[in-house]
Amino acid sequence: MGDYHFVYKDVEGASTQWDDIQRKLGNLPPKAPVFKPDPFTPGEDESSKSKDKDWIDEKTQEELDDLEDDPDLNDDRFLQEYRKKRMAEMREVAKIVRFGSVIPISGSDFVREVSQAPEDIWVVVLLYKDGYSGCQILLQCLDELATKYPVTKFVKIISTDCIPNYPDCNLPTVLVYHNGALKSNYVGLHSFGRRCTPEGVALTLCQSDPVLNDGRSKQEQSREAVLDGVRKRFLEKVVAQHEEDDGSSSD
């Protein structure tokens, strides 16, 4: 014979009036809550994100450069925002006066190039003469510093063109100007230590003022910050030299 015993199940969460009464009387356990799955939230698609200023700021420089060349995005508003941002950055960079080398000047140029230099620009002046080894050594150091600190202005002038009858025994001499005023002077190669190196010259120039500026900071750097940067570059140079020496010795 067939099995005629059927088990009927109500819809999940359904209850009879009788069961409700029994639960109120405490004769039945509380009804189990109906299972409800968490509401479905689709994952955020990169292409669905709002391409606004915040979206731009999250991108790296390489990603932005790639997006700028993407033909499918040429008409999006975010590119306009990106271009505005790049133009603003370029204008800020253009405002910074940059030099990057030791500029030769004559006596007639001194007032314009040094005393009347742009506001807040530090000017390092080398008084020299050809044929003096000390002048050549110091000039090589200043050449390197001028490259590393392009916002600081470095100039060189023949000593007697700057100061008539200036004694050759005082060469080389370095004068440091700021806002048209002489801030410090260093007479003779010995002023920069027993061994005249770019790092030693940098530390000497920054003894009392933040003379050197690499242009990376929007605000004028403090003397301590400049000195920390000089020391860091010095250590990096020493480590690189040791690694190079170790590599050549192993060969």
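Scroll up to find the structure.
Each residue is numbered by its place in its chain's sequence as written, counting from 1. Totals for whole chains, interfaces and linings use every residue, but because this is a predicted model, local features are given only for residues with pLDDT of at least 70 and side-chain atom pairs only at 80 or more, for both listing and counting. With hydrogens and water stripped out, all remaining heavy atoms of the structure feed into the side-chain values.

Visitor: Would you mind going over the nonpolar core with me for this structure?
Guide: Within soluble globular proteins, side chains that are nonpolar tend to cluster in buried spots. What makes a nonpolar core is a set of buried Ala, Val, Leu, Ile, Met, Phe, Trp, Tyr and Cys residues whose side-chain atoms join them at distances within 4.5 Å. Buried residues are those whose accessible area, probed at 1.4 Å on protein chains only, stays under 20% of the maximum for their type, while exposed residues exceed 50% and partly exposed ones sit between those limits. Within the largest apolar cluster, 40 residues are counted, with the highest numbers of intra-cluster contacts made by Val-125, Val-174, Val-201 and Leu-205. Listed by contribution, the elements that provide at least two residues to this core are helix H5 (110-115), strand E2 (122-128), helix H6 (133-148), strand E3 (153-158), strand E4 (173-178) and helix H8 (198-205). Pairs of residues are marked as contacts when any of their non-hydrogen atoms sit within 4.5 Å. Setting aside anything within four residues of it in sequence, one finds Val-125 in contact with Phe-110, Val-114, Val-155, Ile-157, Thr-173, Val-174, Leu-175 and Tyr-177. Per the convention used, a helix needs a DSSP run of H or I reaching at least four residues, while a strand needs a run of E reaching at least two, with both numbered from the N terminus.

Visitor: Please clarify how the sheet that holds E3 should be interpreted in this entry.
Guide: Backbone hydrogen bonds are what pair the strands of a sheet, in a parallel or an antiparallel way. Two strands pair if DSSP finds at least two bridges between them. Spatially, five strands are ordered E1-E3-E2-E4-E5 in an open sheet, and the strand pairing comes out mixed. Only two strands of the sheet have a single neighbouring strand rather than two, namely strand E1 (102-104) and strand E5 (181-187). Each adjacent strand pair in this sheet contributes to an overall mean axis angle of 25 degrees, direction not counted. One ladder, built from three bridges, connects E1 with E3; its direction is parallel. Each bridged residue has a counterpart across the sheet, and for Val-102 the counterpart in E3 is Phe-154. In this analysis an axis means a line fitted to C-alpha atoms, helices contributing only their contacting stretch, and an angle means the value between N-to-C directions, from 0 to 180 degrees.

Visitor: What is the right way to look at the packing of H6 against H8 in this model?
Guide: For any two helices packed against each other, one specifies the crossing angle of their axes together with the interaxial distance. Two elements in contact, H6 and H8, have axes whose closest approach is 9 Å; the angle formed by their N-to-C orientations is 75 degrees. By the angle between their directions, the pair H6 and H8 is classed as roughly perpendicular. Listed contacts from H8 to Leu-138, Cys-141, Leu-142, Glu-144, Leu-145 and Lys-148 of H6 are Pro-198, Glu-199, Val-201, Ala-202 and Leu-205. Broken down by class, the residue content of the contact of H6 with H8 amounts to eight nonpolar, no polar and three charged. An angle below 35 degrees is read as roughly parallel, one above 145 as roughly antiparallel, one from 65 to 115 as roughly perpendicular, and any other as oblique. Nonpolar residues are Ala, Val, Leu, Ile, Met, Phe, Trp, Tyr, Cys and Pro. Charged residues are Asp, Glu, Lys and Arg, and all others, Gly as well, are polar.

Visitor: Whenever I open this one, the packing of aromatic side chains confuses me. Can you help?
Guide: Aromatic rings in a pair are described by how distant their centres are and how their planes are angled relative to each other. Pairing of aromatic side chains requires ring centres within 6.5 Å, counting the rings of Phe and Tyr and the six-membered ring of Trp. Pairs whose planes differ by under 30 degrees are stacked, by over 60 edge-to-face, and all others tilted. For the structure on display, the rule yields two aromatic pairs. Ring centres 5.7 Å apart and planes at 80 degrees place the aromatic pair Phe-110 and Tyr-177 in the edge-to-face group. Here Tyr-177 lies in strand E4 and Phe-110 lies in helix H5, a separation of 67 residues in the sequence. Ring centres of Tyr-186 and Phe-192 lie 5.6 Å apart, and the angle between their planes is 45 degrees; on these two criteria the pair is classed as tilted.

Visitor: Before we go on, may I ask you to explain the environment of Pro-118 in this structure?
Guide: Relative to the assigned elements, Pro-118 resides in the loop between H5 and E2. For Pro-118 and His-178, which are 60 residues apart along the polypeptide, the C-alpha to C-alpha distance reads 9.2 Å.

Visitor: When you look at H6 in this model, what are you seeing that I'm missing?
Guide: An α-helical turn contains 3.6 residues, so any two residues separated by three or four positions project in the same direction. To estimate how far a helix should reach, multiply one less than its number of residues by 1.5 Å. Taking 1.5 Å per residue, 16 residues should reach 22 Å; H6 reaches 23 Å between its end C-alpha atoms and fits that length. Within H6, burial applies to Gly-134, Cys-135, Leu-138, Leu-139, Cys-141, Leu-142, Leu-145 and Ala-146. Looking straight down H6, one finds that the buried residues subtend no more than 165 degrees of arc, so they occupy a single side. When the buried face of H6 is taken as reference, the exposed residues oriented beyond 90 degrees from it are Ser-133 and Thr-147. Note that the arc is defined by the directions from the helix axis to the C-beta atoms.

Visitor: Could you clarify how one ought to interpret the pattern of salt bridges in this entry?
Guide: When their charged atoms lie close together, side chains carrying opposite charge are able to pair. The rule for a salt bridge is simple: a side-chain nitrogen of Lys or Arg has to be within 4 Å of a carboxyl oxygen of Asp or Glu. Applying the stated criterion to the full structure yields five salt bridges. Note that Glu-113 and Arg-112 form a salt bridge whose closest N and O atoms lie 3.5 Å from each other. Take Glu-113: its relative accessible area is 18%, and that puts it in the buried class. Note that Lys-129 and Asp-168 form a salt bridge whose closest N and O atoms lie 3.0 Å from each other. One end of the pair, Lys-129, is in the loop between E2 and H6; the other, Asp-168, is in the loop between helix H7 (159-162) and E4, with 39 residues separating them in the sequence. Sharing partners across several salt bridges, the network here consists of Asp-109, Arg-112, Glu-113 and Lys-153.

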